[in-house]
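Architecture at a glance
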Amino acid sequence: MARRQRQRRHHGTGRRAPARIRTGALAAALALILGAGSALASDTLPWPGESAVGANQPYQHGYSSTDLLRWNPADDTDAELLRAKVPLQTRIAPNAATQRTPSLPADTQSLTLAGDYGNAFFESHPYTNEFSQYLFNYWQYSDVYASWHGMPTEGVPTDYYDPDLDWKEKWFEFGAVNLPNPGYTNAAHANGVRSLGCVFFSPNDRGDQAYSELLQRDADGRFPAAAKLIEVAGYYGFDGYFINQEDAVAPADIPAYKKFLQQLRDGGLYVQWYDSIDNSSGRISYQNEFNAVNGPFVRDAATGDVSDSIFLNYWWNKTKLTKSKTYAKGLGLDPRRSVFAGVEAGMYQFDQPYDLDNNLDADGAPMNGIATLGADFVSSDYANKTDDKAQSAVFDRERRWWTGSSQGATTPEGNWKGMSKYIAERSVIKGSTFATSFNTGHGLSSWSGGKLAGDAEWGNINLQDTPVTWQWWIDAAKSPLKADFDYGPEYTPASRFSYRPIGAYNGGSSLALGGTLESDNTVRLYKTDLSVTSASTLDLTYNKPSADDDSQLRLALVLASDPGKVAQVPLSGSGKHTSGWTTASADLSKYAGERIASLGLVVAAGAQPIKNYQVNVGALALHDGVDRTPATPEKLRIDQLLPGSDELFLSWRRSDYDTVRRYDVYLDDTYLGGIYDDVYYVKRFTATSGKIKLVAVGPDGTRSKPATVSFDLSTAPAGVTAKAAPDGTLKAAWSPRQSGEPVTVTVRGLDTSKPFTKKVTVPGDQPGATLTGVPVNGDDFLLTAQTGGGTATGVRGRFADTDISPYPQSAVKITGNTFSFSRPTLPDWHTLSILEDGKPKSFATTYGSGTKPYIVRGRTTRPAMTVTMTSSTSEVVAVLEDYAGNKATTVLRD
């Protein structure tokens, strides 16, 4: 394997992003979190250095309502790389006897409304090469995950974003419709959690975008926008929408809005409504309880079910939540599934004015479901949030939010008791096989089979194993061992740990147990419903760097038939020091016919206390005697190899999730990443030759033989460039190879709804070619150059853009001397100037940011779109300009 050399970046301290300013109750809460210069700012700036965005790295964008109505995935260059493919998994039935708190009802639903991977606007990627990018680790306490962030609409030039400017000075459009990150959807689905997008309207945050645009009907009385939202969710693989309507609704529109929501539900989507609108007046009215004012947006007496649930605004108390429960039951609804008491996590963090004990009835059981906004605060408001060395503090804060203790103790730290006090742990671990490598979804390096397979840091929630159910539940008579995820020698654990970081067996992390061992420690790891057969075996892969002693590792099985007892299966020789990773296999045939309701470990003490004890658990795998090794993947191919930007795009044929849980990608023996998908993008790909390998991993951890495809840049034209001109020509250039073989040049438009391909072949000594008749519509293209049958190398670019359609006269409603303008439908419009007798009219902008001599996309207020001319006989002209600077003029009145 040959590589173009790159220096690995070592992460330093980052800066917080500028403020967001929001309106409304839910939105205003974030305004306080994200205030300018605030130590609470939770946005992340674009990653620098080696973690900076790739030139063609796929990222998600938002949608205005006009974008939505014309949505077609074939128009989006990156659409196929942004789809979630993991199907929503079914969770196991509750088993109170194996819960941490057996008396806690298992049917209380929990919604987590938070950012995914941080929020740098143009960097919503499903995975990237950054360890300190926050990712969620507590799916076992959530039933629904809804993404909360701002996404620029498609086509906004990235240089419009200046991260050093205040939020009010971001002059680009955010979509009213934001999609969940596909990596998060995959991880949510793998854990039985629904994933939601967000539809958000407020007077400032989405400019002139209005809910009324979604309520337009076709000839059949249906809502095309609802049909598109259903189609979008189906294509991108998520489950529904959180509807945050924080702009007043006209009373006459309320029945139509409900029908709109019903159409979403009829399309199979989950819909959650926010407590913001008065059902009668349509005004903003935060009830802070479930009652007759907001109840009809969930269940309407006349029209039936409108949405699945409601997120209650925050200013509730015991009385309001009791009344909410009563009102829900009066409607025939289950309040634990339909009514969610909101907690403002991001603003108040651990100093909450909201006491979830007020949601408990006289028996100590939750009355309603629970929703949290901004639980990703655990990685924010700290100056070192992007410092790899500071991540152990992030992990502690997240553990404290979800369990009440940063160390996993049973006693909460401070007044915050943790979500696990109110939400029973859930699990999807079932069947007759199970495998984990204790991979949390990011790492400072990568290991494969106990060997270092890559020294680059990474963040990829697609690779996250089923999280350990309890962080931590360790029973010991004396001095419980401390548990932590070990990310290797470059990791800086919290100061309370003294273990030696050794890294992972597979992936980026292992489970480290360490301390003074002076009593047996029962470490409960996973809530399960696993069936045992006569051929079942359980493999434990561990590494014991501490000295030989008389301790012993034992498997800890809690059987459904006797949940009060921990069955222990000893692993002989496990007290000895190991020189690396070793695997012990246990025969479980004596338990054939039983079901394992909880799976963990016992670290059995010796005759005397053992100081500085350490064992790392790298993998745990249950096999049922059936060979479930996946077949070698098929149709692996290099779709794009872009040496100029160090990028690689791969594809293959994907197998069913029941057979393959993920695909691992290697360059020779160097790990490049993994996903359950049939496409993959690699950033910072600097190799000049080698073999790409693709391995399928089964649900029991078995691995297929690799599929391979080779490449060698020495056979390819070097330094390929391409530049398109407004006259429809495209000039390609390269350095010829000495073989003298002809070079085939192919240019392909990446907008598959408007297919374009052109191919020419030139002599091998020719250093370039000019292609004619290429589009001038601004679409993305891929140009490849290939010498004979050698490796094809490419470059991405954009066709010149000379296309623009004028603003239609039909988009203006003229009443006397008053002109009401609709937002342009041109996909790449930027500004609309209105000239009266040659003089531009002024338009107010959102956030009170002054006026502009034009309507600017995403920032002009909706009221400002209505203008009264100074004269009834003046000439009125509209000049539409797109992002490329093209202009078109429409005479509206002469």
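Cut-offs applied
Residues numbered from 1 in each chain as written. Predicted model: local features only at pLDDT ≥ 70, side-chain atom pairs only at ≥ 80, totals over all residues. Heavy atoms only, no water. Pairing = 2+ DSSP bridges. Helix = DSSP H or I, 4+ residues; strand = E, 2+ residues; numbered from the N terminus. Axes fitted to C-alpha atoms, helices over the stretch in contact; angles between N-to-C directions. Core = buried A, V, L, I, M, F, W, Y, C linked by side-chain atoms within 4.5 Å. Buried < 20%, exposed > 50% of the residue type's maximum accessible area, 1.4 Å probe, protein only. Contact = heavy atoms within 4.5 Å. pLDDT = per-residue confidence, 0-100. Right-handed = clockwise from strand over helix to strand, strands pointing away. Phe/Tyr/Trp six-rings, centres within 6.5 Å; stacked < 30°, edge-to-face > 60°. Lys NZ or Arg CZ within 6 Å of the ring centre and 35° of its normal. Polar contact = N/O pair within 3.5 Å; in protein donor to acceptor, adjacent residues only side chain to side chain. Expected span 1.5 Å × (residues − 1). Salt bridge = Lys/Arg side-chain N within 4 Å of Asp/Glu carboxyl O. Parallel < 35°, antiparallel > 145°, perpendicular 65-115°, else oblique. Left-handed = near helix turned anticlockwise from the far one by under 90°. Nonpolar A, V, L, I, M, F, W, Y, C, P; charged D, E, K, R; others polar. Arc of directions from axis to C-beta.

Further remarks concern the sheet that holds strand 50 (residues 866-868). Ordered by their spatial adjacency, 3 strands build an open sheet running 43-44-50, and the pairing between neighbours is antiparallel. The open sheet has two edge strands with one neighbour each: strand 43 (812-815) and strand 50. Ignoring strand direction, the axes of neighbouring strands in this sheet form an average angle of 20°. As defined by bridge partners, strand 44 (residues 818-821) adjoins strand 50 across 3 bridges and the pair is classed as antiparallel. What sits directly across from Ser820, in strand 50, is Thr866.

So, on to the nonpolar core. By size, the foremost hydrophobic cluster in this structure holds 149 residues, and its most contacted members are Tyr236, Tyr241, Phe260, Trp401 and Leu557. Sort the elements by how many residues they give to this core and helix 4 (residues 224-236) lands first, with 7 residues. Not counting residues up to four positions away in its chain, the partners in contact with Leu557 are Leu538, Lys565, Val566, Ala567, Val569, Leu588, Tyr591, Ile596, Ser598 and Leu599. Counting residues in hydrophobic clusters, the runner-up holds 33 residues, among them Leu641, Phe649, Trp652 and Val682.

Moving on: the confidence of the model for the chain. On average, residues of the chain carry a pLDDT of 93, and 94% of them reach 70 or more. Within the model, pLDDT remains below 50 along residues 1-24, and this stretch shows 108 contacts once partners closer than five positions in the same chain are excluded. Note that residues 28-42 has pLDDT below 50 and, in this model, 48 contacts with residues that lie over four places away or in other chains.

So, on to the pairing of strand 6 (residues 240-245). Extensive coverage of strand 6 is indicated by the burial of 6 of its 6 residues. Side-chain alternation along strand 6 places Gly240, Phe242 and Asn244 on one buried face and Tyr241, Ile243 and Gln245 on a second face that is also buried. Two elements, strand 5 (residues 194-201) and strand 6, share 6 bridges in a ladder whose sense is parallel. Residue pairing for strand 6: Val199 is matched across the bridge by Ile243. In this view, the connection linking strand 5 to its parallel neighbour strand 6 by way of helix 4 has right-handed handedness. Pairing of strand 6 with strand 7 (residues 270-274), which is carried by 4 bridges, proceeds in the parallel orientation. Directly across from Phe242, in strand 7, lies its bridge partner Gln272. Crossover strand 6 to strand 7 through helix 5 (residues 254-266) is right-handed.

A few words now on the packing of aromatic side chains. Throughout the structure, instances matching the rule amount to 63 aromatic pairs. When the ring of Phe136 is compared with that of Trp402, the centres are 5.4 Å apart and the planes differ by 65°; the resulting orientation is edge-to-face. Remark: Trp402 occurs in helix 9 (residues 391-403) and Phe136 occurs in the loop between strand 2 (110-114) and strand 3 (144-147); sequence separation between them is 266 residues. Considered together, Phe136 and Trp402 belong to a single accessibility category, that of buried residues. By way of ring pairs, the aromatic residues Phe242, Tyr274, Tyr286, Phe311, Tyr314, Trp315, Trp316, Tyr348 and Tyr354 are connected into one cluster. A cation sits over an aromatic face here: Arg83 above Tyr235, 3.9 Å from the ring centre.

Pairing between the strands of a sheet comes from backbone hydrogen bonds, and it takes one of two forms, parallel or antiparallel. A sheet is described by the order of its strands in space; here 3 strands give the open sequence 29-30-33, paired in antiparallel fashion. Where the open sheet ends on each side, the last strands, each with one partner, are strand 29 (634-642) and strand 33 (679-683). Strand after strand, the sheet turns through a mean of 20° between neighbouring axes, direction not considered. Relative to strand 30 (residues 647-653), strand 29 runs antiparallel, the two being bridged by 6 bridges. Opposite Gln640, over in strand 30, you have Phe649 as the bridge partner.

The next point concerns the side chain of Ser124. Relative to the assigned elements, Ser124 resides in the loop between strand 2 and strand 3. By relative accessible area, which is 11% here, Ser124 ends up buried. A distance of 3.1 Å separates polar atoms of two side chains, one belonging to Ser124 and the other to Gln60.

Attention now goes to helix 5. Over its 13 residues, helix 5 runs 18 Å from end to end, which matches the ideal 18 Å to within 8%, given 1.5 Å per residue. Those residues of helix 5 not exposed but buried are Ile254, Ala256, Tyr257, Lys258, Phe260, Leu261, Gln262, Gln263 and Leu264. One or two positions beyond helix 5, positive phi appears at Gly268, with a value near 90°.

Next up on the list: the pattern of salt bridges. In this structure the tally under the stated criterion is 40 salt bridges. Here Arg857 makes a salt bridge to Asp67, at a shortest N to O gap of 3.5 Å. Residue Arg857 is located in the loop between strand 49 (855-856) and strand 50, and its partner Asp67 is located in helix 2 (residues 65-69); the two are separated by 790 residues in the primary sequence. Neither residue differs from the other here; Arg857 and Asp67 are each classed as buried.

We now examine the packing of helix 4 against helix 5. Running from amino to carboxyl end, helix 4 crosses helix 5 at an angle of 30°, the nearest separation of the two axes being 9 Å. In terms of orientation, helix 4 and helix 5 fall into the roughly parallel class. For the element pair helix 4 and helix 5, the recorded crossing hand is right-handed. Along the contact surface, helix 4 presents Ala225, Ala226, Ala227, Leu229 and Ile230, while helix 5 presents Phe260, Gln263 and Leu264. Here the residues of the contact of helix 4 with helix 5 are counted per class, giving 7 nonpolar, 1 polar and no charged.

This paragraph deals with helix 6 (residues 318-330). For helix 6, built from 13 residues, the straight-helix expectation of 18 Å at 1.5 Å per residue is met to within 8% by its first-to-last C-alpha distance of 18 Å. Buried within helix 6 are the following residues: Leu321, Ser324 and Ala328. Projected down its long axis, helix 6 shows its buried positions confined to an angular sector of 50°, all on one face. Pointing more than 90 degrees away from the buried face of helix 6 are the exposed residues Thr319, Thr326, Lys329 and Gly330. Looking at the packing, one finds that the buried side of helix 6 touches strand 10 (309-312), helix 7 (335-338) and strand 11 (339-344). If you check the start of helix 6, you find a side-chain oxygen 3.1 Å away from the backbone N of Thr319, and it comes from Asn317.

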